[in-house]
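Notes for the structure review
Residues per chain are reported as follows:
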Amino acid sequence: MSRTSIAGVFAGLGLGALTSLAAVGCAPTLAQPSAVAVVEPAPIIAPEPAPIVQANSLPQLRARLEVLAAQGQFNGAVLVAQGDHLLLRQAYGVADVETGQRLDPNARFRLASVSKQFTAAAILRLQDEGRLSIDDPVCRWISPCPDGWQGLRLTHLLSHTSGLPDLMERPGWGDRRVTPATLAELTRDTEQFRPRFEPGTRADYNNAGYNLLAAIVERASGLAYEDYLQTTFFTPLGMANTGSDADAGGHGIVRGHNSGGAGQVPGPIANVSIIAGAGALYSTLDDMLTWQRALHGGHVLSPESYAQMIADHAPADQGLPEGARPRGWGFGLFTSDLGSGAVPAFHAPQIYHTGSWAGFRNLISYLPDGDVTVVVLTNNYHQRDTVFLIVQQAMAEATGQTFPTGLQQ
């Protein structure tokens, strides 16, 4: 899909403004899949060419980041690109507050919920390969089918409209949070619950649904979830610094932090095995730019599947707190005019996702109108508003808008 086509699809989504950034008996057996018609074949995935470095660009953003870092108000890494031109790639602060090791632009960060777009892309890629359809009943892939799941479809899991209770809303979350688990165990846990509302009638952010989707990737592909991502996306694209830490292997990921009274303190144990399909991946600035260019440039999914990924699937009831503004609920991605949340406001409808977990806070955003990618990865959980403002400052300066100085309350 061309970038012009992307902008056309995006313009028709009916986007809203940004909602809160805060917002993870017997073993199931594989049901026999049937053939699925493929409207358009998936593209051949190949490495993206290296971006062209454009030196001394974005002077306002560079100056602002230096001030924030000097004041101890920002700890992380930032990358901004417009088309194939790299405008900014820099790290600020420390990789580990206890050792004082400085952050490097090549550092590996936990992606947290930014991981969901990879799970969604895997499901859509399997659709392009003719192995499943997003309209499949979940019970086609999870068998024997749990009571009350007959109305569930993959599209409900992808769009957070399944009605299944999220991990953090279940009894015993405190213990589950720190206890390693396999995808099979997580699936059995979820099988105990019925949807709390009719699937498709309400949006409710759901990590458990993305764990189920990862299990379905395994059943449809015949590969471990992590292996499917590796062989289908990471290796072909040359994303050598991206993978899963569900095995608690560390993988060279920088240390997460929280902000305490005396400054930064080490964050809690991550245990991302319990969000294997919802938030267990790690990556770098460069690999995330590679992914963004490939995904939004039409090199990962067929045009039909990509259009499904970024479309707004939200029902009228988004399940948002009173006063919160709506957003478009895609598959592993959100859509919204995020620029409207800055001061001064500007028009910038973006395709994005946030991520927060165990000492990390991230935001990856793509602006079709202007072909701008912004990647902000931080290893400090308590930087939500700072991260959001940095992204909007980058979008504004890259597209010639007035540089924002704050956020709307």
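Figured I'd write up the structure that's included with this text. Remember, predicted model here, so these are calculated numbers, not experimental data.

Reading the values: the criteria
- All residue numbers refer to positions counted from 1 along the written sequence of the respective chain.
- In keeping with the model being predicted, local features are shown solely for residues with a pLDDT of at least 70 and side-chain atom pairs are shown and tallied solely at 80 or more, while totals for entire chains, interfaces and linings include all residues.
- Where side-chain values are given, they derive from all heavy atoms of the structure, hydrogens and water being excluded.
- Pairing between two strands is assigned when DSSP locates at least 2 bridges connecting them.
- By definition, any uninterrupted DSSP run of H or I lasting at least four residues is a helix, any uninterrupted run of E lasting at least two residues is a strand, and each is numbered from the N terminus.
- Note on definitions: a residue-residue contact is assigned when non-hydrogen atoms from the two residues lie within 4.5 Å.
- Note on geometry: axes are C-alpha line fits, over the in-contact stretch for helices, and angles between N-to-C directions span 0 to 180 degrees.
- A pair is scored as a salt bridge if a Lys or Arg side-chain nitrogen falls within 4 Å of a carboxyl oxygen belonging to Asp or Glu.
- Buried residues are those whose accessible area, probed at 1.4 Å on protein chains only, stays under 20% of the maximum for their type, while exposed residues exceed 50% and partly exposed ones sit between those limits.
- Helix span, expected: 1.5 Å multiplied by one less than the number of residues in the helix.
- An angle counts as roughly parallel when it lies under 35 degrees, as roughly antiparallel when it exceeds 145, as roughly perpendicular when it falls between 65 and 115, and as oblique in every other case.
- Note: crossing handedness is left-handed where the near helix turns anticlockwise from the far helix by less than a right angle, and right-handed where it turns clockwise.
- Residues were grouped as follows: Ala, Val, Leu, Ile, Met, Phe, Trp, Tyr, Cys and Pro as nonpolar; Asp, Glu, Lys and Arg as charged; and all remaining residues, including Gly, as polar.
- Under this definition, polar contacts are N or O atom pairs within 3.5 Å; protein pairs additionally need one hydrogen-donor-capable and one acceptor-capable atom, and for neighbouring residues in sequence, both atoms have to be side-chain atoms.
- Remark: nonpolar core denotes a set of buried residues (Ala, Val, Leu, Ile, Met, Phe, Trp, Tyr, Cys) joined through side-chain atoms within 4.5 Å.
- To pair, rings of Phe, Tyr and Trp, with the six-membered ring standing in for Trp, must have centres within 6.5 Å; the planes then decide the type, stacked if under 30 degrees apart, edge-to-face if over 60, and tilted in the middle.
- A positively charged side chain is recorded as over a ring if its NZ (Lys) or CZ (Arg) lies within 6 Å of the ring centre. The angle to the ring normal must also be within 35 degrees.
- Pairs of cysteine sulfur atoms within 2.5 Å are what we label disulfides.

1. Focus: the sheet that holds strand β3 (residues 85–92)
- The strand order across the open sheet formed by 8 strands is β1-β3-β2-β16-β15-β14-β12-β11, and the pairing between neighbours is mixed. The open sheet has two free edges, formed respectively by β1 (52–53) and β11 (328–329), since each of these has just one partner strand.
- Judged from the 2 bridges that link them, β11 and strand β12 (residues 334–337) form a sheet pairing that is antiparallel. Note on β12: the bridge partner recorded for G328 is T335.
- Each of β2 (76–82), β3, β14 (349–357), β15 (360–367) and β16 (372–378) touches helix α9 (residues 285–296); the most contacted strand, β2, lies at about 35° to it.

2. As for the pattern of salt bridges
- Overall, the coordinates contain 12 salt bridges when judged by the stated rule.
- One salt bridge connects R125 with E129, and the closest N-O pair in it is separated by 3.7 Å.
- A relative accessible area of 11% places R125 in the buried class.
- In this structure E129 comes out as partly exposed when scored by relative accessible area, which is 34%.
- Here the salt bridges do not stand alone but share partners, grouping D96, E98 and R255 into one network.

3. Quick notes on α9
- The terminal C-alpha atoms of α9, which comprises 12 residues, lie 16 Å apart, in line with the 16 Å expected from a rise of 1.5 Å per residue.
- Summarising burial for α9: 11 of the 12 residues are buried, a large majority.
- Residues of α9 that are buried: L285, D287, M288, L289, T290, W291, Q292, R293, A294, L295 and H296.
- Backbone geometry just after α9 places G298 at a positive phi near 85°.

4. Some thoughts on the packing of helix α2 (residues 59–70) against helix α11 (residues 384–398)
- Where α2 meets α11, the closest approach of the two axes is 9 Å, and the angle between their N-to-C directions is 160°. Relative to α11, α2 is oriented roughly antiparallel. At the point where α2 passes α11, the crossing takes the right-handed sense. Residues P59, Q60, L61, R64, L65 and L68 of α2 pack against T386, I390, Q393, A394 and E397 of α11.
- In terms of residue class, the contact of α2 with α11 is built from 6 nonpolar, 3 polar and 2 charged.

5. Thoughts on the side chain of S365
- Here S365 is to be found in strand β15.
- A polar contact of 2.6 Å, which involves the side chain of S365, links it to the side chain of Q350.
- For S365, the contacting residues outside a window of four places in its chain are Q292, L338, Q350, I351, Y352, V372, T373, V374, V391 and M395.

6. Here's the deal with the pairing of β12
- Judged by which residues are buried, β12 turns out to be covered on both faces: F334 and S336 on one side and T335 and D337 on the other are all buried.
- Here β11 folds back onto β12 in antiparallel fashion, the turn holding 4 residues, of which G332 has a positive phi close to 75°.
- As paired elements, β12 and β14 share 4 bridges and run antiparallel to each other. Paired with T335 across the bridge in β14 is I351.

7. Observations regarding the nonpolar core
- The biggest cluster of nonpolar side chains holds 83 residues, and the ones touching the most others in it are F118, I216, F233, W291, M309 and W357.
- Residues within four places of F233 in sequence aside, it is in contact with I45, F118, A121, A122, R125, Y228, W291 and V300.
- Residues L58, Y92, V391 and A396 belong to the second largest nonpolar core, which totals 33 residues.

8. Brief notes about the pairing of β14
- Where burial is concerned, most of β14 is hidden: 8 out of the 9 residues are buried.
- Where β14 and β15 come together, 7 bridges link them in antiparallel fashion. Residue pairing for β15: T354 is matched across the bridge by L363.
- The turn linking β14 back onto β15 is made up of 2 residues, and A358 within it adopts a positive phi angle of 45°.

9. Description of the sheet that holds strand β7 (residues 243–244)
- Taken in spatial order, the 3 strands make up an open sheet running β6-β10-β7, and their pairing is antiparallel. Across the chains shown, the open sheet's two edge strands, defined by having one partner strand only, are β6 (109–110) and β7.

10. Notes on the packing of aromatic side chains
- A full pass over the atoms with the stated rule returns 8 aromatic pairs.
- Ring centres 5.7 Å apart and planes at 70° place the aromatic pair F118 and F234 in the edge-to-face group. Taken together, the positions of F118 in helix α3 (residues 116–128) and F234 in helix α8 (residues 225–237) put the pair 116 residues apart, joining distant regions of the chain. In terms of burial, F118 and F234 fall into one category: buried.
- The ring of W329 is capped by R327, whose NZ or CZ atom sits 4.9 Å from the centre of that ring.
- Sitting over the face of the ring of Y381, R361 holds its NZ or CZ atom 4.4 Å from the ring centroid.

11. Some words on the environment of P41
- By secondary structure assignment, the location of P41 is in the loop between α1 (3–11) and β1.
- With 260 residues separating them along the chain, P41 and L301 place their C-alpha atoms 8.3 Å apart.

12. Concerning the state of the cysteines
- Tallying each qualifying case throughout the model produces 1 disulfide.
- The partner cysteine of C139 in its disulfide is C145, sulfur to sulfur 1.7 Å.
- Residue classification places C145 among the partly exposed residues on the basis of a relative accessible area of 27%.

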